[in-house]
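Structural features, examined
Now for the letters of each chain:
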Amino acid sequence: MKLNKEDIKKALSTISVAGEGQNMVESGAVQNIVTFGDEVIVDLKLSTPALNIRKRAEVDVMKVIHEKVYEKAKVEVKVSVETSSSQKKETNEIKGKPIPGIKNIVAVASGKGGVGKSTITANLAVSLSKLGFKVGLLDADIYGPSGPIMFNVANEKPLSVNVGGKSKMKPIQSYGVKMLSIGFFTKPDQAVIWRGPMAAKALNQMIFDADWGELDFLLVDLPPGTGDIHLSIMQSMPITGAVVVSTPQNVALADAKKGVAMFNQESINVPVLGIVENMAYFTPAELPDHKYYIFGEKGASYLAKDLDVPFLGEIPLVQSLRESGDIGRPAALQDDTLLSNAFLELTRNVVQQVVDRNENLPETEAIQITTMAGCSAVNK
Ligand code: ADP
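All figures in this text were calculated on a predicted structure; none of them were measured in a lab. (Residues numbered from 1 in each chain as written. Predicted model: local features only at pLDDT ≥ 70, side-chain atom pairs only at ≥ 80, totals over all residues. Heavy atoms only, no water.)

A word on the overall build of the protein chain
When helices and strands are counted, the protein chain shows 12 helices and 13 strands. In the protein chain, which comprises 380 residues, the proportion classed as buried is 51%. (Helix = DSSP H or I, 4+ residues; strand = E, 2+ residues; numbered from the N terminus. Buried < 20%, exposed > 50% of the residue type's maximum accessible area, 1.4 Å probe, protein only.)

This is the structure we're talking about:
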């Protein structure tokens, strides 16, 4: 059963949020509807934080979809509360704040851990550098920062430098990429302390109190999932767009879809540049022409089509990619190999999407600054 957004919208327009006269579509409470097969995610924005109204709205949405659209639909309702006008102003100001010298900020996300998000980010960074762009990588994966290992700089610590009378953190440079990672400031067994506001504060320092210099692209390796830390990051940085990584496996796809829904939420409104399929097929080194679809075939490209977002490319499951990550020499550094070519194609698609995005983006307040900067970055 494939659910249809219009049917769901029609069903939702027959109910209203408690205390409001208009139905929830007309009142603007329904922010977004994402469907995938028999699953649907409905984003609601309510003007009141009252728990009973929130719960009631969730139940009503589920009920009406089951009754009027499809009784076996798997419904997820995400509720956010509209901020007061003064709070809203503050958020927009923070979000719109550009980082001097940084032209495009691309967040790399995954719904599920272990799908290869950090591997993709590292190789994307190296490929962008090979194409001549100035690249930075902010490893914000507070649960498993792997940037320092992947770039073979695990024993280094960023130095403090004086920039215009202010002390700033200097990113570590490796393979042409400037990098800061939460891993430079924690020991592996300490990672658990990097939670919530504390992590957000540390990340803010790495964003605003760091000497990134001029960058065409700052890639941000986000933690897996869709949590508070994502919201903090997206509120503190004007993110140009997001890349979502998934394997073709159903469990990963279901979470990737939530990732896309998070970026699409009206209060976040970060354009999704597209989906990458990692571990798309297995290729043994001795049989380079053989493809084994061990996690399923083309799942992420179908998901992209279903969600109407670009499909950015596929990266095969190859033993040497794991090895190159472990020894700290990204596979994309090589020339004309199966992997480096796959990463190059992926990278070109990402750049293309950034160009398109910057050219076509409607002038929203939060993205405006990034848009202007971004055009000059990728078009020069
Ligand atoms: P995440 O950031 O999503 O948690 P990682 O990038 O750390 O995932 O990858 C998890 C593990 O899988 C790492 O050991 C990495 O080297 C390996 N890996 C990721 N993608 C591939 C691939 N396409 N082929 C082989 N190994 C991979």
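Now that the structure is up, let's keep going.
A few points about the site of the ligand
Taken together, 14 residues form the shell around the ligand, and within it Lys117, Ser118, Thr119, Asn278 and Pro316 come nearest. Within the backbone of Lys117, an N or O atom sits 2.8 Å from an oxygen atom of the ligand. About the coverage of the ligand: the protein hides 81% of its 560 Å² of free accessible area. Secondary-structure elements contributing two or more residues to the shell around the ligand are α4 (117–130), β12 (272–282), β13 (311–317) and α10 (319–327). The greatest single-element share of the shell around the ligand, amounting to three residues, is contributed by α4. (Near = heavy atom within 4 Å. Polar contact = N/O pair within 3.5 Å; in protein donor to acceptor, adjacent residues only side chain to side chain. Areas by Shrake-Rupley, 256 points an atom, 1.4 Å probe, with all protein chains shown as cover.)

Structural notes on the packing of aromatic side chains
If you walk through the whole model with that rule in mind, you get four aromatic pairs. Both rings, one in Phe151 and one in Tyr175, keep their centres 6.2 Å apart while their planes meet at 40°; by these two values the pair is tilted. One end of the pair, Phe151, is in the loop between α5 (147–150) and β6 (160–163); the other, Tyr175, is in the loop between β8 (172–174) and β9 (177–181), with 24 residues separating them in the sequence. According to the relative accessible area criterion, Phe151 is buried, its value standing at 1%. Here the aromatic rings of Phe282 and Tyr292 are separated by 6.3 Å at their centres, their planes lie at 40°, and the arrangement is tilted. Highlighted residues: Phe282 in strand β12 and Tyr292 in the loop between β12 and α9 (299–307), separated in sequence by 10 residues. You can call Phe282 partly exposed: its relative accessible area is 29%. Judged by its relative accessible area of 38%, Tyr292 is partly exposed. Stacked on the ring of Tyr281, the Lys or Arg Lys291 has its end atom at 4.6 Å from the ring centre. (Phe/Tyr/Trp six-rings, centres within 6.5 Å; stacked < 30°, edge-to-face > 60°. Lys NZ or Arg CZ within 6 Å of the ring centre and 35° of its normal.)

A few points about the side chain of Thr247
Within the secondary structure layout, Thr247 lies in the loop between β11 (241–246) and α8 (250–264). Once you skip the residues sitting within four places of it in the chain, Thr247 turns out to touch Val115, Ala252, Leu253, Asn278 and Met279. (Contact = heavy atoms within 4.5 Å.)

Some words on the pairing of strand β1 (residues 30–36)
Each regular strand carries side chains that alternate between the two faces of the sheet. With six of seven residues buried, β1 lies mostly within the body of the structure. With six bridges joining them, β1 and strand β2 (residues 39–46) adopt antiparallel strand pairing. Residue pairing across strands places Asn32 opposite Asp43, the latter belonging to β2. The turn joining β1 and β2, which pair antiparallel and follow one another in sequence, is formed by two residues; a positive phi near 60° is taken by Gly37. (Pairing = 2+ DSSP bridges.)

A short note on the packing of α8 against α9
Pairs of packed helices are described in terms of their axes, by the angle between the two and the distance that separates them. The geometry of α8 relative to α9 is characterised by a closest axis approach of 11 Å and an angle of 35° between their N-to-C directions. Considering only the axes of α8 and α9, their crossing is right-handed. On α9, the residues touching Leu253, Ala256, Lys257 and Val260 of α8 are Gly299, Ala300, Leu303 and Leu307. A class-by-class count of the residues in the contact of α8 with α9 yields six nonpolar, one polar and one charged. (Axes fitted to C-alpha atoms, helices over the stretch in contact; angles between N-to-C directions. Left-handed = near helix turned anticlockwise from the far one by under 90°. Nonpolar A, V, L, I, M, F, W, Y, C, P; charged D, E, K, R; others polar.)

Here's the deal with the sheet that holds β2
Within a beta sheet, neighbouring strands are joined by backbone hydrogen bonds and run either parallel or antiparallel to one another. The mixed open sheet is built from three strands, whose spatial order is β1-β2-β3. Both outer strands of the open sheet, β1 and β3 (74–81), are each paired with one neighbouring strand and no more. Direction aside, the axes of adjacent strands within the sheet are offset by 15° on average. Contacts between helix α2 (residues 51–68) and the sheet are confined to β2 and β3, with β3 contributing the most and set at about 150° to the helix. Against the sheet, α8 makes contact with β1, β2 and β3, and its axis sits at roughly 25° relative to β2, the strand it touches most.

Considerations on the packing of α4 against helix α11 (residues 338–360)
Relative to each other, α4 and α11 sit at 80°, their axes nearing to 9 Å. Of the possible angle classes, the one that applies to α4 and α11 is roughly perpendicular. Residue-level contacts link Ile120, Asn123, Leu124, Ser127, Leu128 and Lys130 of α4 to Ser340, Phe343, Leu344, Leu346, Thr347, Val350 and Val351 of α11. Of the residues that constitute the contact of α4 with α11, the class distribution is eight nonpolar, four polar and one charged. (Parallel < 35°, antiparallel > 145°, perpendicular 65-115°, else oblique.)

Quick look at the pairing of strand β4 (residues 102–110)
Among the nine residues of β4, nine are classified as buried, and the element is accordingly described as predominantly covered. Examined bridge by bridge, β4 and strand β10 (residues 215–221) share six bridges and lie parallel to one another. Pairing of Ile102 across the sheet is with Leu215, part of β10. The pairing of β4 with β11 spans five bridges and is classified as parallel. Residue Val108 lies in a different strand from β11, and its bridge partner there is Val243.

Focus: the nonpolar core
Counting 49 residues, the largest nonpolar core has Leu138, Met237, Phe263 and Ile275 as the members making the most contacts within it. At seven residues, the largest contribution of residues to this core is made by helix α6 (residues 196–208). The residues that make up this core include at least three from each of domain 1 (5–82) and domain 2 (102–360). Counting 40 residues, the second-largest nonpolar core is a separate cluster that includes Val135, Phe151, Ile172 and Ala342. (Core = buried A, V, L, I, M, F, W, Y, C linked by side-chain atoms within 4.5 Å. Domains from an automatic or database assignment.)

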